[in-house]
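Structural features, examined
The lines below spell out each chain.
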Amino acid sequence: MTYAITQTCCNDATCVAVCPVNCIHPTPEERAVGSTEMLHIDPRACIDCGACADACPVDAIFPVDALSAGQREYADINAAYYRGTEPPAAEVAGPNFHVWGEPVFERSLPSDFGPLRVAVVGTGPAGMYAAQDLLLHTAAEVTLIDRLPVAGGLVRYGVAPDHPATKKVGDTFSRFHSHPRVRMHLGIEVGRDVTAEELSAHHDAVVYAVGASTDRRLGVPGEETPGCLSATAFVAWYNAHPEAVAQGVDLSAERVVVVGNGNVALDVARILVADPEALAATDIAAHALEALRASRVREVVVLGRRGPEDAAYTRSELLALTHLPGVELVVDDHDPRTAAAIDAAGAGDRAGALKGLARVRTDAASPADGGRRIVLRFHSEVVEILAAGGGVDSVRVTDGGGSGAGGGDAGTADLAAGLLLRAIGYRGLPVPGLPFDEASGTVPHEGGRVAGVPGSYVVGWIKRGPSGGIGANRTCAAETVGTLLADAVAGTLPAPTGDARAFARLARQRNRRVVDARGLAAIDRAERDRGRREGRPRVKLATVEELVATARSGRLLRLTR
């Protein structure tokens, strides 16, 4: 029996480090790292020790014979990665399983290296990987800062509620929230409550992990029509983000058009047609669950500008749609290039994953009668968003059939829809006090070191742009922390003029609603208690007021005991 890596692989390579036979690839040292959608276990070399499964932060690794019906295909996906390669030969005759290379020490700190005081702005995966690196490998004191009164970032507010295994990486990070060398100031925004200069004045270094919080625009007529939303806003809505509007997503139409075909597009499509009672067992926002229960949406059309061979989603997320109960996944064959690409694709090709799916022509007027379905429509772009009655009425898209279907011009088709979600990418916003590249939406840097601002560093999407999943931030953070430590050893970090206590006083003077680690623990307890009463993992507090009040009440309760 061997193990296999499945859909929820986060690519952070924790499993690689614990494998005694080096059977998980690509490793962080290999050129292919980052070019594959997931890691793969070689069934020819796996010795069934289970170390990788124990180490996996997102529960993505299982014995092959224990895979569920929806996961069995991953046994072949893992094995296919190694087809055509020579099986690994026994490297040594002895107690070691394989020849270990010479140890490499990428960082070398002098014996008298004193503890640094580092602020990390942002408590999502990028920031927490940086904090974890500092806490585990140095004696640094870390100040965790977030503009929201609760920690988690992308894990809490970006991961779909029906992906609970992926959210488990948050448990790995949360153990550092109460670390003895961590101080937490949640609800503090750099540029609003404190300046970048004030933050630097109280710390040896500052690491900005603020992500890419806005979305890209379509740039077509009608984009400002009510009912045309960003996928960012929709994801925030169903994940109970405190800045999302609790009401206001109109699900009264039978069809929704999603522009873009990356993993976020598939997430929102899946949530729109999933069984609400299945979602009721997740941590989805209460207001979103209520709206989805009353929803009339039966069809989601996912538009891709290019062909199926160039789709942006990962194979694992696409395969998950094929196992969604009560939902049919089909391909729109309006353009002959789509069918040609699928038919010519090999089993391991991106387009090959669509073989066996029904091919349909999307009706211009309304979705097909019957059950719910997701339609993948390739070679199709939005030309215009048409309004009627104060909201989206239809979406004019390019049509390879050139028929002018549904009232569109020749070469276009009008698809009736009451909601359009654009999922065409994220974009970073300027950080007050730091340089900003408008073209890339990132902060200019060298190995994570902010250009022209000594002692300031970046990590995650604000550093490299909106690419890579949760696990990619581990390698990204390692580079940034390495650069920071090299600067510290070289003596190029500016000396702070204030200490941790002075910064804590400053933060509370500027914002009386700051949440600390004890307040965060109170929020966690309250949400889990609410969840237990409703048979759910947690029921999230959905407003800043609720979060701050709960943090204060829980903290006061502990102090009076």
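Residue indices follow the written sequence of each chain, beginning from 1 at its first position. Residues qualify for local features only when their pLDDT is at least 70, as the model is predicted, and side-chain atom pairs are given and counted only at 80 or more; totals for whole chains, interfaces and linings, by contrast, use all residues. Excluded from the side-chain calculation are hydrogens and water; included are all heavy atoms of the structure.

Further remarks concern the sheet that holds strand 13 (residues 327-332). One open sheet accounts for 7 strands, arranged 10-19-11-12-15-13-14; its pairing is parallel. The open sheet terminates on both sides in strands that have one partner only, identified here as strand 10 (228-230) and strand 14 (358-360). The sheet shows a mean angle of 25° between the axes of neighbouring strands, taken without regard to direction. Strand pairing is assigned whenever DSSP identifies at least 2 bridges connecting the two strands. Strands here are runs of E lasting at least two residues and helices are runs of H or I lasting at least four, both read from the DSSP assignment and numbered beginning at the N terminus. Where strand 13 meets strand 15 (residues 372-377), 6 bridges bridge the pair, whose relative direction is parallel. Residue pairing for strand 15: D332 is matched across the bridge by R377. Axis definition: a line fitted to C-alpha atoms, over the contacting stretch in the case of helices. Angles run 0 to 180 degrees between N-to-C directions.

Our next topic: the packing of aromatic side chains. Pairing of aromatic rings covers Phe, Tyr and Trp, the last through its six-membered ring, and needs centres within 6.5 Å; plane angles under 30 degrees mean stacked, over 60 mean edge-to-face, and all others mean tilted. One pass over the structure, following the stated rule, counts 5 aromatic pairs. Considering the side-chain rings of F234 and Y238, the 5.4 Å spacing of their centres and the 90° angle between planes classify their relative orientation as edge-to-face. Taken together, the residues span about one helical turn, with F234 and Y238 both in helix 9 (residues 231-238) at a distance of 4 residues. No difference in accessibility class separates F234 from Y238, as the two residues are buried. Within the aromatic cluster, the residues linked to one another by ring pairs are F234, W237 and Y238. Here's how the labels work: a residue is buried when its accessible area is under 20% of the maximum for its type, exposed when over 50%, partly exposed in between, all with a 1.4 Å probe on protein chains only.

Before going further, it helps to examine the sheet that holds strand 16 (residues 382-388). Read across the sheet, 3 strands follow the order 16-17-18 without closing on themselves; strand pairing throughout is antiparallel. The outermost strands of the open sheet, each flanked by one partner alone, are strand 16 and strand 18 (412-416). Looking at each pair of strands side by side, their axes are set apart by 25° on average, direction ignored. Examined bridge by bridge, strand 17 (residues 391-398) and strand 18 share 5 bridges and lie antiparallel to one another. Each bridged residue has a counterpart across the sheet, and for V395 the counterpart in strand 18 is L415.

With that settled, the discussion passes to the packing of helix 9 against helix 10 (residues 263-273). Viewed as axis vectors pointing N to C, helix 9 and helix 10 meet at an angle of 50°, and their least axial separation amounts to 10 Å. Taken together, the axes of helix 9 and helix 10 lie oblique to each other. For the crossing formed where helix 9 meets helix 10, the hand is left-handed. When helix 9 is examined against helix 10, the residues A231, F234, V235 and Y238 are found in contact with a partner set consisting of V264, D267, V268, I271 and L272. Looking at the contact of helix 9 with helix 10 residue by residue, the class counts come to 8 nonpolar, no polar and 1 charged. Roughly parallel refers to an angle under 35 degrees, roughly antiparallel to one over 145, roughly perpendicular to one between 65 and 115, and oblique to any angle outside these ranges. Each crossing is labelled by how the near helix is turned from the far one, with a counterclockwise turn of less than a right angle marking it left-handed and a clockwise turn marking it right-handed. Throughout, a residue-residue contact means that at least one pair of heavy atoms, one from each residue, lies within 4.5 Å. Three classes are used, and their members are as follows: Ala, Val, Leu, Ile, Met, Phe, Trp, Tyr, Cys and Pro are nonpolar, Asp, Glu, Lys and Arg are charged, and the others, Gly among them, are polar.

With that settled, the discussion passes to the side chain of R255. Position of R255 among the secondary structure elements: in strand 11 (residues 255-259). Two N or O atoms count as a polar contact when they lie within 3.5 Å, although within protein this holds only if one can serve as hydrogen donor and the other as acceptor, and sequence-adjacent residues are included solely when both atoms are side-chain atoms. One polar contact links R255 to E299, side chain to side chain, over a distance of 2.7 Å.

Here we take up the state of the cysteines. Working definition: a disulfide is two cysteine sulfur atoms within 2.5 Å of each other. The full count for this structure, using the stated rule, is 0 disulfides. C56 takes part in no disulfide bond, and the closest cysteine sulfur to it belongs to C10, at a distance of 6.1 Å. Looking at C56, the relative accessible area reads 12%, which means it is buried.

Comment: phi is negative for the bulk of residues other than glycine, and the bulk of peptide bonds are trans. In this structure, the amide linkage connecting H25 to the following residue, P26, adopts the cis form with an omega of -5°. Note on placement: P26 falls in the loop between strand 2 (24-25) and strand 3 (40-41). Even without glycine at this site, D59 takes up a positive phi of about 50°. With respect to the helices and strands, the residue D59 is situated in the loop between helix 2 (51-55) and strand 4 (61-63).

A word on the nonpolar core. Counting residues in each nonpolar core, the largest one holds 68 residues, and the members touching the most others are I24 and I41. Among the elements that make up this core, the one with the highest residue count is helix 4 (residues 125-137) (7 residues). Sequence-distant contacts of I24, defined by excluding residues within four places in its chain, comprise I5, C15, V16, C19, L39, H40, I41, C52 and Y82. Core analysis: the next-biggest nonpolar cluster, separate from the first, contains 47 residues, V268, A269, A285 and L318 among them. In this text, buried Ala, Val, Leu, Ile, Met, Phe, Trp, Tyr and Cys residues form a nonpolar core when linked through side-chain atoms within 4.5 Å.

Another aspect to go through is empty space enclosed by the protein. Both site types are read off a 1 Å grid over the protein atoms alone. A 1.4 Å probe that fits but cannot get out defines a cavity, while an open set with protein on both sides within 12 Å along at least five of seven lines defines a pocket; lining residues have an atom within 4 Å of a point. Grid points are joined across faces, edges and corners, and a volume is the space filled by probe spheres set on the points. Throughout the structure, instances matching the rule amount to 2 cavities of 30 Å³ or more. Size it by volume and the largest cavity reaches roughly 80 Å³. As for the largest cavity, its lining consists of 14 residues, of which C9, C10, D12, C15 and C56 are closest to the centre. Each residue belonging to the lining of the largest cavity can be placed in one class, and the counts come to 11 nonpolar, 2 polar and 1 charged.

What follows is about the pairing of strand 5 (residues 117-121). Among the 5 residues in strand 5, 5 count as buried, and that is most of the element. Residues of strand 5 alternate between two faces, with R117, A119 and V121 on one and V118 and V120 on the opposite face, all of them buried. Sheet topology note: the strand 5/strand 6 (residues 141-146) ladder contains 5 bridges and is parallel. Its bridge partner being in strand 6, A119 is matched across the sheet by T143.

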